[in-house]
Amino acid sequence: MPLRLLPSTLVDRIAAGEVVERPAAALKEIVENALDAGARRVEIVIDGGGRRLLRVTDDGGGMSAEDLALCVERHATSKLDAEDLMSIATLGFRGEALPSIGAVARLSIVSRPPGASSANEIRVEAGVKSEVRPAALGPGTRVEVRDLFFATPARLKFLKSERAETAAAVDAVRRLALARPEVAFTLVTDDRAPVTWPGRSADAAGRRARIADVLGHEVAANALDIDGVREGARLTGLAGLPTYSKANSLSQYLFVNGRPVRDKVLIGAIRAAYSDLLPSDRHPVTVLFLDLDPEGVDVNVHPAKTEVRFRDAGNIRALMVRTLTDALTAGVPRTATTAADRLAELARANMGASVLPAAPLRIPPAAADWRQSSPPTDWRQSWARPEGWEATAGFAEPPAEPGAGPAAPDFDLGLDLTPAADARAHEAPAQADAMDRPLGAARAQLHETYIVAQTQHGVVIVDQHAAHERIVYERLKAAMERDGLARQMLLVPLVVDLDPAEAARLAERAEALERFGLVVESFGPGALLVREVPALIGEADVPALIRELAEHAAEWDDEMPLERRLLHVAATMACHGSVRAGRRLRPEEMNALLREMERTPNAGQCNHGRPTFVTLSLPDIEKLFARR
């Protein structure tokens, strides 16, 4: 077959396959044109998932009749002053979107520049352009797309359901609304009530307000402010708390010079910053704005302009990782506020269900003197003791009143009153300012696992194992960075039996383990000899620690950075060396653990990403009891 030039209509349809892959892509291009025209108000109408109708009306600069006739020609644009593609400051620049849309749909554009006496309209249907004619419209532009892909019916087979296409179109508008908080948006779809996001200021407060408008107040309430600068690039926005995470990365909104993007460098930097705080199957919620010199980023690398290429990707990655890490580790520990909402929902679901047994029970004899059931513990030997602690007078049990004995109840409550845990924290004098601290003063321990603390404004429930796990982990990291970990030689070396393959893998990594104070060597097929352990993990179950490390050693391939491997070892050691669930703590230990949490970075979640504590404010508690 001889070579030939393709007709212009076919060329436009081929281009539409790249630029307009679905209704959401067409809508994104049209809204970007409105924003580039200086619009302060944009109204969007979506019908049939965008296949039947897309309408965008703005109050921007508008176009004259001459510009209107030219805007539907390929590669006609007003956004490039010169031939320099490395100084692009607008969202669009190629001049492909409108002719590509007109090649596969019925396109109508009505526009009127400020000061003009009337508007003008042009229509394009399957690539065939009409003459420009007068029309009625206020200052601005209205772009209407009907019957998308009617000229290429085969493309319709690749579209998803109307609901899915509507959701994709709404997401495209949502991202552009986040990028331009100063612009008011009105969104109308056929399956929900109209939504209006009012214009906000362009500063940090305006961005936070727009984020709350678009994504919900829950996101803004569970996020940290981000602001960092490095070598001419600046990163601002919000980063979600580690305990407020999602099952996928769709809630990561990234913007480069105001352009919504999905860039591998930025996504990888976010993953690196949260790698120490989240499990691999969870993703943080982020709304991040990266601003840099336009010459430092190439936006002309993807047909839909959703990917970019940085001139100095290393600098951008370092900026993001350092800024996010500093924000996540600064200040007092926080956890997501959604825990209180889940508790309220659970309470409402069980409201009316009786928690009392059907038949009354006699109080068991064990309840007569439950104080004697608490074995004595020496909190001074606990790893939860505060740093720099010095021995002081011990806490004594209050003397019993003369002749006092277990009082018989006046009536049968039908309840087993034997405490499930030592609830005597209120008897121990805490620091005078404990109630003013972020985590308050310990009041009780429930089921030998959860510490209940009281603050000035509510209640804090702490998972003692998760909290202490994070404390030990941060100490291991700090000690390794400072001067290495102190080792504790075992009086009798310990032999641990393993699968021969696992034992061999762990023996090959003995040098890396030695950096954490764990000295092992091969002891024949299927066995390891443990000579030294880190002093920080105390009396941990060393065989269980070795077996867990052996199980995960297969994941430490050559591509995994050494630092990541060592952090994985530290996390495993911290888990085995921390206070276990089921251990009863004295009041002093509980308060010491709370104070240590307040000083520890990332204390809001354990090494596995689970929250270490939950806060219930007094209003939350009042909601549980229908007092609000």
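Because the structure is a prediction, the values reported are computed rather than measured.

**Q** Got a minute to help me understand the overall build of the chain in this structure?
**A** A tally of regular secondary structure across the chain gives 18 helices and 25 strands. Taking all 628 residues of the chain together, the buried fraction comes to 46%. The contacts in the chain between residues at least 6 apart in sequence include a share of 71% that link residues at least 24 apart. For the chain, the exposed surface amounts to about 31600 Å²; the carbon and sulfur share of it is 53%.

**Q** Whenever I open this one, the sheet that holds strand S13 (residues 252-256) confuses me. Can you help?
**A** Backbone hydrogen bonds are what pair the strands of a sheet, in a parallel or an antiparallel way. A sheet is described by the order of its strands in space; here five strands give the open sequence S10-S11-S16-S13-S14, paired in mixed fashion. Both edges of this open sheet fall to strand S10 (223-230) and strand S14 (259-261), since each of them pairs with a single strand only. With strand direction ignored, the average angle separating the axes of adjacent strands in the sheet is 20°. Here S10 runs beside strand S11 (residues 233-240); their pairing, made up of eight bridges, is antiparallel. Directly across from Asp227, in S11, lies its bridge partner Thr236.

**Q** Before we go on, may I ask you to explain unusual backbone geometry in this structure?
**A** Leave glycine aside and you will find that most residues have negative phi; peptide bonds, for their part, are mostly trans. Even without being a glycine, Ala126 presents a positive backbone phi close to 55°. You can see Ala126 is positioned in the loop between strand S4 (119-125) and strand S5 (128-129). Given the relative accessible area of 17%, Ala126 is considered buried.

**Q** When you look at the packing of helix H9 (residues 264-274) against helix H10 (residues 313-329) in this model, what are you seeing that I'm missing?
**A** When two helices pack together, their arrangement is captured by the angle between the axes and the distance separating the axes. Contact geometry of H9 with H10 gives a least axis separation of 9 Å together with a crossing angle of 35°. Of the two elements, H9 crosses H10, and the hand of that crossing is right-handed. Contacts between H9 and H10 involve Val265, Leu266, Gly268, Ala269, Ile270, Ala272, Ala273 and Tyr274 on the former and, on the latter, Ala313, Ile316, Arg317, Met320, Val321, Leu324, Thr325 and Leu328. The class makeup of the residues in the contact of H9 with H10 is 13 nonpolar, two polar and one charged.

**Q** What am I meant to see in the packing of aromatic side chains here?
**A** Any pair of aromatic rings gets described here by the distance separating the centres and the angle formed by the planes. Taken as a whole and judged by the stated rule, the model has one aromatic pair. Aromatic side chains Phe255 and Phe289 sit 4.9 Å apart centroid to centroid with 15° between the ring planes, which places their arrangement in the stacked category. With a gap of 34 residues between them, Phe255 in strand S13 and Phe289 in strand S16 (residues 286-291) connect regions that are remote in the sequence. Residue classification places Phe255 among the buried positions, given a relative accessible area of 1%.

**Q** Help me out: how do you make sense of H9 in this one?
**A** Think of an α-helix as 3.6 residues a turn; residues three or four steps apart then line up on the same face. Within H9, the full set of buried residues consists of Leu266, Ile267, Gly268, Ala269, Ile270, Ala273 and Tyr274. The backbone nitrogen of Val265 has a side-chain oxygen 2.9 Å away, supplied by the residue at the start of H9, namely Asp263.

**Q** What's the story with a nonpolar patch on the surface in this structure? I'm lost.
**A** There is a patch of nonpolar side chains on the surface, built from Leu6, Leu10 and Ile14 and spanning about 250 Å² of accessible area. Along the chain, Leu10 falls in helix H1 (residues 8-19).

**Q** Where do I start with the nonpolar core in this structure?
**A** A general trend in soluble globular proteins is that nonpolar side chains are found buried together. Core analysis: the biggest nonpolar cluster contains 90 residues, and Ile44, Ile109, Phe185 and Leu290 have the highest contact counts within it. A per-element tally of this core places helix H6 (residues 162-179) first, with eight residues. Non-local contacts of Leu290, meaning those with residues more than four positions away in its chain, are made with Ala233, Arg234, Leu235, Phe255, Val256, Asn257, Leu266, Phe310, Ile316 and Leu319. If you look at the next biggest cluster of nonpolar residues, it comprises 17 residues, including Val542, Leu545, Ile546 and Ala553.

**Q** Would you mind showing me how to read the side chain of Thr152 here?
**A** Turning to its location among the elements, Thr152 is positioned in the loop between strand S7 (140-146) and helix H5 (153-156). In this structure Thr152 comes out as buried when scored by relative accessible area, which is 17%. Beyond its immediate stretch of four places on either side in the chain, Thr152 contacts Arg13 and Val104.

**Q** Please explain the sheet that holds strand S25 (residues 613-617) as it appears in this structure.
**A** Read across the sheet, four strands follow the order S19-S20-S21-S25 without closing on themselves; strand pairing throughout is antiparallel. Here the strands that pair on one side only, and so sit at the sheet edges, are strand S19 (441-446) and S25. Here the average twist between neighbouring strands, direction ignored, is 20°. Relative to strand S21 (residues 458-463), strand S20 (residues 450-455) runs antiparallel, the two sharing six bridges. Residue pairing for S21: Gln454 is matched across the bridge by Val459. Helix H17 (residues 587-599) contacts S19, S20, S21 and S25 of the sheet and is inclined by roughly 120° relative to S19.

**Q** Hey, could you run me through the pairing of S7 in this one?
**A** Remark: a regular strand shows side chains that alternate across the two faces of the sheet. When you tally the buried positions in S7, you get five out of seven residues, the bulk of the element. Where strand S2 (residues 53-58) lies against S7, six bridges are found, and the strand directions are antiparallel. Along S7, the bridge assignment pairs Asp58 with Thr141. Note: strand S3 (residues 106-112) against S7, seven bridges, orientation antiparallel. From the neighbouring strand, Ile109 faces S7, where its bridge partner is Val143.

**Q** Help me understand the pattern of salt bridges, please; the structure alone is not making it clear to me.
**A** Between side chains of opposite charge, a pair can form when the charged atoms approach closely. Under the criterion given, the structure shown has 29 salt bridges. Across the salt bridge formed by Arg123 and Glu121, the nearest N and O atoms sit 3.0 Å from each other. Residue classification places Arg123 among the partly exposed residues on the basis of a relative accessible area of 40%. Residue classification places Glu121 among the buried residues on the basis of a relative accessible area of 9%. The partner of Asp171 in a salt bridge is Arg174, with the nearest N and O atoms 3.5 Å apart. Taken together, the positions of Asp171 and Arg174, both in helix H6 and three residues apart, correspond to about one turn of that helix. Linked through salt bridges whose partners overlap, the residues forming this network are Asp47, Arg52, Glu162 and Asp190.

**Q** Could you clarify how one ought to interpret the pairing of S20 in this entry?
**A** Note that S19 and S20 share five bridges and pair antiparallel. Residue Ala444 lies in a different strand from S20, and its bridge partner there is Val452. In this structure, the hairpin formed by S20 and S21 is closed by a connection of two residues.

The rules behind the values
Residues numbered from 1 in each chain as written. Predicted model: local features only at pLDDT ≥ 70, side-chain atom pairs only at ≥ 80, totals over all residues. Heavy atoms only, no water. Helix = DSSP H or I, 4+ residues; strand = E, 2+ residues; numbered from the N terminus. Buried < 20%, exposed > 50% of the residue type's maximum accessible area, 1.4 Å probe, protein only. Contact = heavy atoms within 4.5 Å. Areas by Shrake-Rupley, 256 points an atom, 1.4 Å probe, with all protein chains shown as cover. Pairing = 2+ DSSP bridges. Axes fitted to C-alpha atoms, helices over the stretch in contact; angles between N-to-C directions. Left-handed = near helix turned anticlockwise from the far one by under 90°. Nonpolar A, V, L, I, M, F, W, Y, C, P; charged D, E, K, R; others polar. Phe/Tyr/Trp six-rings, centres within 6.5 Å; stacked < 30°, edge-to-face > 60°. Polar contact = N/O pair within 3.5 Å; in protein donor to acceptor, adjacent residues only side chain to side chain. Patch = residues over 30% accessible without salt bridge, like charges linked within 9 Å, V, L, I, M, F, W, Y side chains within 5 Å. Salt bridge = Lys/Arg side-chain N within 4 Å of Asp/Glu carboxyl O. Core = buried A, V, L, I, M, F, W, Y, C linked by side-chain atoms within 4.5 Å.

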